[in-house]
Amino acid sequence: SLPSPAWVAGPPVEIDFYRALQGSSIDHHTTQSDDLASLGGVIKYIHTEIIPEHQEAATRFERKYQVDAIMKRRFKVKNPDLDQSQTFFVDFGPFVTFDQGQSTNPDLDSLYKTSGDFVGVQDNQDPGLALTKQNPNFWYSVSGFCPNLPWAQMPMADGTTTARCNSEEHLCEAKGTPDNPGVACTTYADSGDVVMGGLCGADLNNTVPTMDPNGTHGCAYTYGKATLVNLDTLVKISDQKCNGGKPCTDWFDFRKNCDDASLKKMFDPSGKIIDAKNFSEGQESLFCVEYDIHPACQQNCSSAACQKATPKEIGIPFWLGRCDPEANARRAELLADAFGMEGALDKHQIVAKDVLEQKATCNNVGTVSCQPTTDAQGSKGGPYCSRSFGGVCYQCHIPGVKTAYRPDADSQPVCPYDILENEYKSLPKPACKSTNPSDVCCLYTSTCSGSDDPSKATLDADGLRLVEHRCWKEGSSDPMLTFAERVAREKLGGALDPTSTSIKSFAYHQWGVSPGEESFAVFVASLRERSDLSPAPAPTTPAPSPAPSPAGGAPVAVIVVLVIAGILALALLGAFIYRRKRQAARQWPVATEGGNHALTLASPA
């Protein structure tokens, strides 16, 4: 028997968790024995699990699981002291999948027994949705009372059951209540009490919960008041037209009555595009599709079959581009903006400012995963950790050091520009291998050579990195627009319209909270593909000034009149001669072989 875990020192972690749900069900149940997601993770969940048409029944009247909203809650998390092998991203335990309130992983029952309740995390990677390493998604799990048993007796009347009920364990019994728990409920090793769950405060009056968890049994997390975003509003379902040009009112109106015939299509299992038909009630009718994706791309965006597929998707504009990392990042920013997050659409900010600036640090005593290695010259570029990646302490690195801390450091995300300005401020600076901005390291240490003035920066990788950094400092895409105009003009012989929406979008996506990794050649190629790129206007050459008339010569007007008169006279003379020849041709006999004579009939003059 282990001693009861003591109060865990240090402030709790503040972080926003998201969930897709039916909006009307909010606060009907406490959030426990459940799985949630990061902001990008919840969009990913809807994109891959909820809306692909070919996965669902054509006869349905709502989205899968009745999802019509996205919830955001601020959580405070303080897990018990877990073994390093069970600690993830500094503050969390292992992720637990819950099905009907039951943990699906029997191996984790022992962790609840020995360590108590915990909040878990998992870096979610799905080949069916394209992301860059700079935009990871996360799943979270929050433990509840009696986590090894389901909410209700399994199987249910409709056939619903769980894997552990069907397994040799046969854990089908309902978990019951804290006052009357199920017989098979997991218990704490130190006290023998039933595992209570980690929730110790649901503050439904304040966005940030007033109560702090302390990491003891039954107190690993608290949460505040929920904020909802309506999914129809987010995806702009009302931009679609229904019933002859009227804005669609909601998802079902769109599905039943949309005007756009191109949206009345879907993929069959082979990837063939077919009509989206509903055969309910003995009648056949077409319906409109919010989104569908080619089955090959559903499995893996990078597969050869997906690359060959044309088209890859069908659906309304918001969802198009599931295999495009830039489009997926943009969707996350749009959701952040819908939740009122400052800087979401103009500064790439998808983590709340107060979460980034909280007291809970990543580089704690004994946390080797976030402690940069050093030598006599300075830091080897990592590992650092930042909460810019979804709010968790996620490893990142600084490129361009003399000696990297690990051979595959480039597989980690590039750290935010400000990584050295806070908890790493007192540690040795990175030992940069050069002052070239293209090597990136000097951007963190303010030792780069060259100008970041977009009108003067060199048109190469060095200039591109400097201008990206300036955009971040100013929180504006204007420097990148100026730089792109110069590249278009001097490298491509073209011109950009800096006021066009397409060019503004291009400029915005060339920078972020971290240095870019795109080569200058790719930047130029991307710019060349822009539909807004037009030929540069030819330089204007001034017309030569008329030479003055020679002294004593005739006035210019007189000379012009004489020239015109001469031209007219020659024209009249030519016409007279031509007519005489034509008349002669009509009268002259043509001698034929043998001395016979015949007339040649000429065409009328």
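Quick caveat: nothing in here was measured; it's all calculated off a predicted structure. Per chain, residues are indexed from 1 in the order of the written sequence. Note on the predicted model: pLDDT of at least 70 is required for a residue's local features to be given, and 80 or more for side-chain atom pairs to be given and counted; whole-chain, interface and lining totals, by contrast, use all residues. Side-chain metrics in this entry use all non-hydrogen atoms of the structure; hydrogen atoms and water are not considered.

1. Brief notes about the overall build of the chain
When helices and strands are tallied, the chain shows 15 helices and 29 strands. For this analysis, residues touch if any pair of their heavy atoms sits within 4.5 Å. Across the chain, every contact between residues at least 6 apart in sequence was considered, and the portion connecting residues at least 24 apart equals 63%. Surface accessibility in these figures is a Shrake-Rupley result with a 1.4 Å probe; residues are shielded only by whichever protein chains are displayed. Element-wise, carbon and sulfur atoms account for 54% of the exposed surface of the chain, whose accessible area totals about 30400 Å². Numbering goes from the N terminus for both helices and strands, where a helix is a DSSP run of H or I of at least four residues and a strand is a run of E of at least two.

2. Regarding the confidence of the model for the chain
Looking at the chain, pLDDT values average 89 and 86% of them are 70 or higher. pLDDT measures the predictor's confidence residue by residue and takes values from 0 up to 100. Ignoring residues within four places in sequence, the model shows residues 548–561, a span with pLDDT below 50, making 3 contacts including any to other chains. Within the model, pLDDT remains below 50 along residues 575–605, and this stretch shows 12 contacts once partners closer than five positions in the same chain are excluded.

3. Quick look at helix H8 (residues 325–338)
By this rule the span expected of a helix is its residue count minus one, scaled by 1.5 Å. Here H8 spans 20 Å end to end across 14 residues, near enough to the 20 Å set by a 1.5 Å rise per residue. Of the residues making up H8, those classed as buried are Ala327, Asn328, Ala329, Arg331, Ala332, Glu333, Leu335 and Ala336. Buried-residue contacts for H8 involve helix H1 (39–50), strand S3 (69–77), strand S13 (227–230), helix H4 (231–234) and helix H13 (501–508). Looking one or two residues past H8, glycine 340 carries a phi angle of roughly 80 degrees, positive in sign. Buried, partly exposed and exposed residues are distinguished by accessible area as a fraction of the type maximum, computed with a 1.4 Å probe on protein chains only: under 20%, between the cut-offs, and over 50%, respectively.

4. Here we look at the pattern of salt bridges
Any carboxyl oxygen of Asp or Glu within 4 Å of a side-chain nitrogen of Lys or Arg constitutes a salt bridge here. Applying the stated rule across the entire model yields 27 salt bridges. Across the pair aspartate 126 and lysine 44 runs a salt bridge, and its minimum N-O distance is 3.0 Å. Here aspartate 126 is found in the loop between strand S7 (119–124) and strand S8 (137–142), whereas its partner lysine 44 is found in helix H1, with 82 residues between them in sequence. With its nearest N and O atoms 2.9 Å apart, the salt bridge here joins arginine 465 to glutamate 468.

5. With respect to the side chain of glutamine 298
Tracing the backbone through its elements, the reader meets glutamine 298 in helix H6 (residues 295–299). Residue glutamine 298 is classed as buried on the basis of its relative accessible area, which comes to 11%. The residues touching glutamine 298, leaving out its near neighbours within four places in the chain, are Thr48, Pro52, His54, Gln55, Gly128, Ile293 and Arg322.

6. As for the packing of aromatic side chains
Remark: the centre distance and the inter-plane angle together describe each pair of aromatic rings, the angle taken between the planes. Centres within 6.5 Å are what make two rings of Phe, Tyr or Trp a pair, Trp counting through its six-membered ring; a difference in plane orientation under 30 degrees is then read as stacked, over 60 as edge-to-face, and the rest as tilted. Under the definition given, this model contains 21 aromatic pairs. Relative to phenylalanine 118, the ring of tyrosine 112 has its centre 4.8 Å away and its plane inclined at 15 degrees; by these criteria the two rings are stacked. Given a relative accessible area of 0%, tyrosine 112 falls into the buried group. Both rings, one in tyrosine 417 and one in tryptophan 472, keep their centres 4.9 Å apart while their planes meet at 35 degrees; by these two values the pair is tilted. Of the two residues, tyrosine 417 is situated in the loop between strand S25 (394–396) and helix H10 (441–445) and tryptophan 472 in helix H11 (residues 461–474); the sequence distance between them amounts to 55 residues. By relative accessible area, tryptophan 472 is classed as partly exposed at 23%. An aromatic cluster is defined as three or more aromatic residues linked by ring pairs; in this entry it consists of Phe17, Phe75, Phe92, Tyr140, Tyr221 and Tyr223. Counted as over-ring charges are cases with an Arg CZ or a Lys NZ within 6 Å of the ring centre that also lie within 35 degrees of the ring normal. The side chain of arginine 255 reaches across the aromatic face of phenylalanine 287, ending 4.0 Å from its centre.

7. Details of the packing of H1 against H8
Between N-to-C directions, angles span 0 to 180 degrees; the directions come from axes that are lines fitted to C-alpha atoms, helices contributing only their stretch in contact. For the pair H1 and H8, interaxial distance at closest approach is 9 Å and the crossing angle is 115 degrees. As the angle between them shows, H1 and H8 are arranged roughly perpendicular. Along this stretch, H1 crosses H8, giving a crossing that reads as right-handed. Contact residues: Leu39, Gly40, Val42, Ile43 and His47 in H1; Asn328, Arg331, Ala332, Leu335 and Ala336 in H8. Side-chain classes follow a simple rule in which Ala, Val, Leu, Ile, Met, Phe, Trp, Tyr, Cys and Pro form the nonpolar group, Asp, Glu, Lys and Arg form the charged group, and the remainder, Gly included, forms the polar group. For the contact of H1 with H8, a count of residues per class yields 6 nonpolar, 3 polar and 1 charged. Each angle gets one of four labels, with under 35 degrees taken as roughly parallel, over 145 as roughly antiparallel, 65 to 115 as roughly perpendicular, and the rest as oblique. For any pair of crossing helices, the crossing counts as left-handed if the nearer helix is rotated counterclockwise from the farther one by less than a right angle, and right-handed if it is rotated clockwise.

8. Notes on the pairing of S8
Buried residues dominate S8, accounting for 6 of its 6 residues. Alternating residues of S8 divide into Asn137, Trp139 and Ser141 and Phe138, Tyr140 and Val142, and every residue in both groups is buried. Relative to S8, strand S2 (residues 34–37) runs antiparallel, the two being bridged by 4 bridges. When the sheet's bridge partners are listed, alanine 37 is paired in S8 with tryptophan 139. Sheet topology note: the S7/S8 ladder contains 6 bridges and is antiparallel. Only strands that DSSP links by at least two bridges are regarded as paired with each other.

9. Structural notes on the nonpolar core
Residues Ile15, Phe17, Phe75, Phe92, Tyr221 and Ile419 are the most contacted members of the largest nonpolar core, which totals 44 residues. Listing elements by their share of this core, those giving two or more residues are strand S1 (13–21), S3, S7, S8, strand S12 (221–223), strand S24 (384–386), S25 and H10. Here, the term nonpolar core denotes a set of buried Ala, Val, Leu, Ile, Met, Phe, Trp, Tyr and Cys residues that are joined through side-chain atoms within 4.5 Å. By size, the runner-up hydrophobic cluster in this structure holds 39 residues, among which are Cys242, Cys288, Ile293 and Ala332.

10. Concerning the environment of alanine 163
The residue alanine 163 is located in helix H3 (residues 163–166) in this model. For alanine 163, a relative accessible area of 54% gives the class exposed. On a C-alpha basis, the gap between alanine 163 and threonine 104 in space is 7.0 Å, while along the polypeptide they are 59 residues apart.

11. Here's the deal with the side chain of threonine 48
Tracing the chain through its elements places threonine 48 in helix H1. Overall, threonine 48 belongs to the buried group, its relative accessible area being 3%. Among all residues touching threonine 48, those that are not within four sequence positions of it are Gln55, Asp126, Leu129, Gln298 and Arg322.

12. A word on the state of the cysteines
Sulfur atoms of two cysteines make up a disulfide when they are within 2.5 Å. Applying the stated criterion across every chain yields a total of 12 disulfides. A sulfur-sulfur distance of 1.9 Å marks the disulfide that ties cysteine 258 to cysteine 288. Across the S-S bond of cysteine 258 and cysteine 288 the torsion is about -80 degrees, and the bridge reads as left-handed. Here cysteine 258, found in the loop between helix H5 (251–257) and strand S16 (265–267), pairs with cysteine 288, found in the loop between strand S19 (285–286) and strand S20 (291–293); they are 30 residues apart in sequence, far enough to count as distant.

13. Focus on the environment of arginine 74
With respect to the helices, strands and loops of the structure, arginine 74 is situated in strand S3. Sequence separation between arginine 74 and proline 209 is 135 residues; the distance between their C-alpha atoms is 7.3 Å. Residues within four places of arginine 74 in sequence aside, it is in contact with Glu14, Ile15, Asp16, Thr207, Val208, Pro209, Thr222, Tyr223, Gly224, Ala352, Asp354 and Val355. Polar contacts, as counted here, are pairs of nitrogen or oxygen atoms within 3.5 Å of one another; within protein the pair requires one atom able to donate a hydrogen and one able to accept it, and residues that are adjacent in sequence qualify only if both atoms are side-chain atoms. Within the structure, arginine 74 has its side chain in polar contact with the side chain of glutamate 14 (distance 3.0 Å). Only 2.6 Å separates the side chain of arginine 74 from the side chain of aspartate 16, close enough to count as a polar contact.

14. Re the packing of helix H12 (residues 478–491) against H13
In contact at an axis separation of 9 Å, H12 and H13 are set at 110 degrees when each is read in the N-to-C sense. Here H13 runs roughly perpendicular to H12, going by the angle between their axes. When H12 is examined against H13, the residues Met480, Leu481 and Ala484 are found in contact with a partner set consisting of Ile503, Lys504, Phe506 and Ala507. Looking at the contact of H12 with H13, its residues break down into 6 nonpolar, no polar and 1 charged.

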